[in-house]
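# Observations on the model geometry
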Amino acid sequence: MAHCIPMAKQSGLDPLGDELRSARSAKPCVLIIFGATGDLTKRKLVPSLMGLSKDGLLPAGFAVVGFARRPWTDKSFREVLSEGVETFGRSDTSEHFEQHRDAFSYHQSDFSDEAGYASLREKLDQIDAARGTAGNRIFYLATPPSAYSNILENLARAGLSEEDNNRFARVIVEKPFGRDLSTATALNNQVNKAFHERQVFRIDHYLGKETVQNILALRFANGIFEPLWNEKFVDHVQITVAESIGVGSRGAYFEESGVIRDMIQNHLMQVMTLVAMEPPAAMTADAVRDEKVKVLKAIRTFEPEQVERDTVRAQYTGGSFGGEDVNGYKQEEGVPQESVTETYAAVKLQIDNWRWSRTPFFLRSAKRMPRRVTEVAIQFKQPPHMLYGGATTQPNMLLLRIQPDEGVALRFGAKVPGPDMRIRDVRMDFRYGTAFGGETADAYERLLLDAMLGDGTLFARADEVEEAWRIVDSIIAGWKQSSNPPAGYVAGTWGPKLGEDLLGDGRTWRRP
Ligand code: BG6
């Protein structure tokens, strides 16, 4: 097993500190979080901000205003956040929270109350004067989507969405971004009525993961992969996002979305576009997103009979998991007995373009799989002629391990030492932890920083979201028409047998 070591380390110089330090610095600003009493703020947003502070990436003038309905105070808000950073933050970030404690304040208002936005405006002006935040604002919609329209309208009405050459106003929108094409388009229209597209940052937290960004680095910063990256050499691509957790207390939410809306429409399709896109003309937000959209546009809308053939959905049933008995999906809180919502989905996508016309992409995601693992497996074709009869090798495979155990591995055949010409599969393995060490920042750190910098590369553009819904809508429509209910799979297994059949041509899903 070979481990990759950064060149600088090999030479003994090891400027890793500098290497990991960013040259990007954000301008002062205020982050206004709508729905700040929810879980996301204490679990992700504020711990991530403190991670940025730890890395010296938070601007000197910085403040957070939590906007929500509950009768909290600055004091109680700060207490909840402090606990959140303690529990969910990176090591030593609690002291950063203490340093910034005064920068956090709470603004109680109903999302539909115009007066609440007028007083928010006054508060922001005061913060600008006191903390040097220079009129720059980022509004974060972390509420249930039903509140978005009220918030957007009120922000525009209060003049809070306006920006000029001296100050910016931006909006970050959390998922789910619509529940089908028509609701996503309506939401895009609503967002774009209040904000220009350049001001809008739609979060898909998978794009903030280092290993997901590394897909582009691997492809476009190296000379050896790209010549092979097409239908001539790649047999198929498997993208797996497996989770070991069940739906837990989120049964009611999940029942309305299923894994196709919750995971495939966004995270898996985003990863797929990065794997499949053409090299962009430049690494700018629009050049990258133009190429991603082209991939989505090249995927045909599914016909109902194609849905039967090229997709599989299933629900987990009760089983034993890690030595404990666990519920089946239908026994989870908030899930009706007659539920047909899928907790497992696998789909075969065909990209109709020159690069990929004969290479299927298989996407699969599920809850209650044996382990939590996200990976992209690029499986290459076998050599045109096998000289080693009886060779037991598998096809070459490049494995991008997104999480956990982040890294990249290449599987190839090697001669087994000895007098016979026997071939066996071996692996070259690059591990992030070994090569770069250190703690990996949470995806939200990168995304919050990029929003502060106004860099939309790692955010979904309106047309990307809509194209992904077009495809997913056609799958859901096929499922609705189908007389076959979702198959079952026992919790803690790799999904139904039908999932294996989907691949065809002797291919099998990886069992990571
Ligand atoms: C969220 C989904 O977007 O992603 C969850 O709503 C899922 O259902 C989560 O568990 C997975 O994210 P990660 O980063 O843990 O892979």
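Model, not experiment: these values are computed from the prediction.

On to the pairing of strand 17 (residues 422-431), then. In this structure, strand 16 (residues 407-416) lies alongside strand 17, joined through 10 bridges in antiparallel fashion. Pairing of A414 across the sheet is with R424, part of strand 17. Counted between consecutive antiparallel strands, the loop separating strand 16 from strand 17 contains five residues, among which G418 sits at a positive phi close to 135°.

A word on the site of the ligand. In the vicinity of the ligand, the contacting residues are K175, H205, Y206, K209, E243, R250, D262, M263, H267, K367, R372 and Q403. Here D262 contributes a side-chain N or O atom positioned 2.6 Å from an oxygen atom of the ligand. Within the side chain of H267, an N or O atom sits 2.7 Å from an oxygen atom of the ligand. Surface burial for the ligand is 81%, taken as the share of its 390 Å² of free accessible area covered by protein chains. Residues that form the shell around the ligand fall into these classes: two nonpolar, three polar and seven charged.

Helix length check: helix 8 (residues 181-194) (14 residues) gives 20 Å between terminal C-alpha atoms against 20 Å at 1.5 Å per residue, within 8%. Buried within helix 8 are the following residues: A184, L187, N188, V191 and A194. Burial along helix 8 is one-sided: seen end-on, the buried residues are contained in an arc of 130°. Set apart from the buried face of helix 8 by more than 90 degrees, the exposed residues are S182 and K193. Elements in contact with the buried residues of helix 8: helix 7 (148-157), strand 6 (169-173), strand 7 (200-202) and helix 15 (462-481). The N-terminus of helix 8 is capped by D180, whose side-chain oxygen sits 3.3 Å from the backbone nitrogen of S182.

The next thing to look at is the pattern of salt bridges. It is possible for side chains bearing opposite charge to pair when their charged atoms get close. Across all of its chains, the model carries 40 salt bridges by this definition. A salt bridge links K42 to D39; the nearest nitrogen and oxygen atoms lie 3.3 Å apart. Separated by three residues within a single helix, K42 and D39 lie in helix 3 (residues 39-54), roughly one turn from each other. Residue K42 is classed as partly exposed on the basis of its relative accessible area, which comes to 27%. Linking E464 and K292 is a salt bridge whose minimum nitrogen-to-oxygen distance equals 2.9 Å. Here the residue E464 occupies a position in helix 15, and K292 occupies one in helix 11 (residues 285-297), the gap between them amounting to 172 residues. Relative accessible area serves as the criterion here: at 1%, K292 is assigned to the buried category. Several salt bridges share partner residues, and in doing so they unite D286, R289, D290, R461 and D463 into one network.

Cut-offs used in this document
- Residues numbered from 1 in each chain as written.
- Predicted model: local features only at pLDDT ≥ 70, side-chain atom pairs only at ≥ 80, totals over all residues.
- Heavy atoms only, no water.
- Pairing = 2+ DSSP bridges.
- Helix = DSSP H or I, 4+ residues; strand = E, 2+ residues; numbered from the N terminus.
- Near = heavy atom within 4 Å.
- Polar contact = N/O pair within 3.5 Å; in protein donor to acceptor, adjacent residues only side chain to side chain.
- Areas by Shrake-Rupley, 256 points an atom, 1.4 Å probe, with all protein chains shown as cover.
- Nonpolar A, V, L, I, M, F, W, Y, C, P; charged D, E, K, R; others polar.
- Expected span 1.5 Å × (residues − 1).
- Buried < 20%, exposed > 50% of the residue type's maximum accessible area, 1.4 Å probe, protein only.
- Arc of directions from axis to C-beta.
- Contact = heavy atoms within 4.5 Å.
- Salt bridge = Lys/Arg side-chain N within 4 Å of Asp/Glu carboxyl O.

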